[in-house]
Number of protein chains: 2
Amino acid sequence: MNYPGGIKKRREISSISYKNRGMNLEADLNDTNAYYREEKIAYIYKKPTPIKLVKVDYKKNLIKEGYFEKPSTTDYNGIYKGKYIDFEAKETTSKTSFPLNNIHPHQIEHIRNITIEGGISFLIVRFTTLDQTFYLSGKDFLEFIDTNTRKSIPLSYFNDKGYIIKNTLRPRLDYLKIVRQILEVE
Amino acid sequence: MNYPGGIKKRREISSISYKNRGMNLEADLNDTNAYYREEKIAYIYKKPTPIKLVKVDYKKNLIKEGYFEKPSTTDYNGIYKGKYIDFEAKETTSKTSFPLNNIHPHQIEHIRNITIEGGISFLIVRFTTLDQTFYLSGKDFLEFIDTNTRKSIPLSYFNDKGYIIKNTLRPRLDYLKIVRQILEVE
């Protein structure tokens, strides 16, 4: 089928912005965390990726050889109203389930520790193809892990147990709105 | 003066171990945090130093050029009994005061934010030459900064407002003992 040029162009733009949304969960979260800090709502940061240093010229402050290491904790942590916040953020292109090989065993252990210690622990999972982003509590994540042998968490589990985090303008991904709801219920 | 060989040797060992103590606040804290984790007391980690990546071979997972960046937050954070813990650890060879150029303006701002947000924020400062390690709360640190134009915090301020953290065997530097004392008083 042939469409008029104008519509075709619009489709292209839509496709580009769609792709950007999908690839930019980290950018959305960095933007959101910056907003929380500016508004003095919360202080949550992405941890730097741990790097194994092999060759360093300390005089020049220069790393000549280094390797990325697997993180043993989650990527984001910080404070909200005095409470400890801790989460991992992941994207998947799957339309039906979230593959568990996205989360390392060390990270699962970490999520368990933080949950037991009373922290506010969760995952943020974005199904990029569906453009849906979910908040899943550490407790519900662990319950799935502990009672299933499946290698992925089906979308239906996110719909049942999780919460949708809407894309908004400012902040882009207001996940603390969900945290507030959960804290009020408790 | 000449000493018998045995005594001389002992003096040397003492000198080495003295030096090691002085240089190893970070090692003591890593060891202590590992102990807290093993005993399921708290989950506190040192954040990796942020690195600006310039040349990366992602196929080989190899960093060919990178530069250390100044951290905008403190080095350590985590959770203890659900509460957010956040601290910076520094050593000084001075016998009389702690030079404030050890703490970047961004870090001071961070300590202020965490303190206001209700986190357990503090400094651990070791006077290596005196072999004394102090806990100074974020609140008392900020009070000094806000009411002084001095470029260093005198030892007497640590003695007045801080708490000595003793060197022990296991864990090596039980700073949560001080946190517990302070939480009980509040």
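Our structure's up above, just so we're on the same page.
Residues numbered from 1 in each chain as written. Chains lettered and ligands numbered in written order. Predicted model: local features only at pLDDT ≥ 70, side-chain atom pairs only at ≥ 80, totals over all residues. Heavy atoms only, no water.

This brings us to the relation of the copies chain A and chain B. Between chain A and chain B, the superposition needs a rotation of 180° and an axial shift of 0.0 Å, giving an RMSD of 0.0 Å. The superposition of one copy onto the other is thereby described by a two-fold rotation axis. (Least-squares fit on C-alpha atoms with pLDDT ≥ 70 in both.)

Moving on: the pattern of salt bridges. Using the criterion set out here, one finds 22 salt bridges over all chains in the structure. The partner of Arg126 of chain A in a salt bridge is Asp28 of chain A, and the shortest N-O contact between them spans 2.9 Å. One end of the pair, Arg126 of chain A, is in strand 7 (residues 120–127); the other, Asp28 of chain A, is in helix 2 (residues 25–38), and 98 residues separate them in sequence. No difference in accessibility class separates Arg126 of chain A from Asp28 of chain A, as the two residues are buried. A salt bridge links Glu38 of chain B to Arg170 of chain B, with the shortest nitrogen-to-oxygen separation between them at 3.6 Å. Here Arg170 of chain B lies in the loop between strand 10 (163–164) and helix 6 (175–185) and Glu38 of chain B lies in helix 2 (residues 25–38), a separation of 132 residues in the sequence. (Salt bridge = Lys/Arg side-chain N within 4 Å of Asp/Glu carboxyl O. Helix = DSSP H or I, 4+ residues; strand = E, 2+ residues; numbered from the N terminus. Buried < 20%, exposed > 50% of the residue type's maximum accessible area, 1.4 Å probe, protein only.)

Next up on the list: unusual backbone geometry. Residues and elements named next belong to chain A. Pro171 follows Arg170 through a cis peptide bond whose omega is 0°. Locating Pro171 in the fold gives a position in the loop between strand 10 (163–164) and helix 6 (175–185). Phi is positive for Lys40, close to 55°, though the residue is something other than glycine. Tracing the sequence through the fold places Lys40 in the loop between helix 2 and strand 1 (43–46).

With that settled, consider the interface of chain A and chain B. Taken together, the 38 residues of chain A in the interface contact 38 residues of chain B. Considering only the side of chain A, the residues that lose the most area to chain B are Ile63, Phe68 and Glu117 of chain A, jointly responsible for 23% of the buried surface there. Linking chain A to chain B there are twelve residue pairs in polar contact (both at pLDDT 80 or more). Looking at the side of chain A that touches chain B, the elements with two or more residues in it are strand 1, strand 2 (51–57), strand 3 (62–68), strand 4 (76–80), strand 5 (83–92) and helix 3 (105–116) of chain A. Of all the elements, strand 3 of chain A adds the most residues to the side of chain A that touches chain B, at seven residues. Partitioning the side of chain A that touches chain B into residue classes produces 18 nonpolar, twelve polar and eight charged. Note: strand 3 of chain A against strand 3 (residues 62–68) of chain B, four bridges, orientation antiparallel. In the strand pairing of strand 3 of chain B, Tyr67 of chain A is matched with Leu62 of chain B. (Contact = heavy atoms within 4.5 Å. Buried area = accessible area lost by both parts, 1.4 Å probe. Polar contact = N/O pair within 3.5 Å; in protein donor to acceptor, adjacent residues only side chain to side chain. Nonpolar A, V, L, I, M, F, W, Y, C, P; charged D, E, K, R; others polar. Pairing = 2+ DSSP bridges.)

Any functional reading would require information that these geometric values do not contain.
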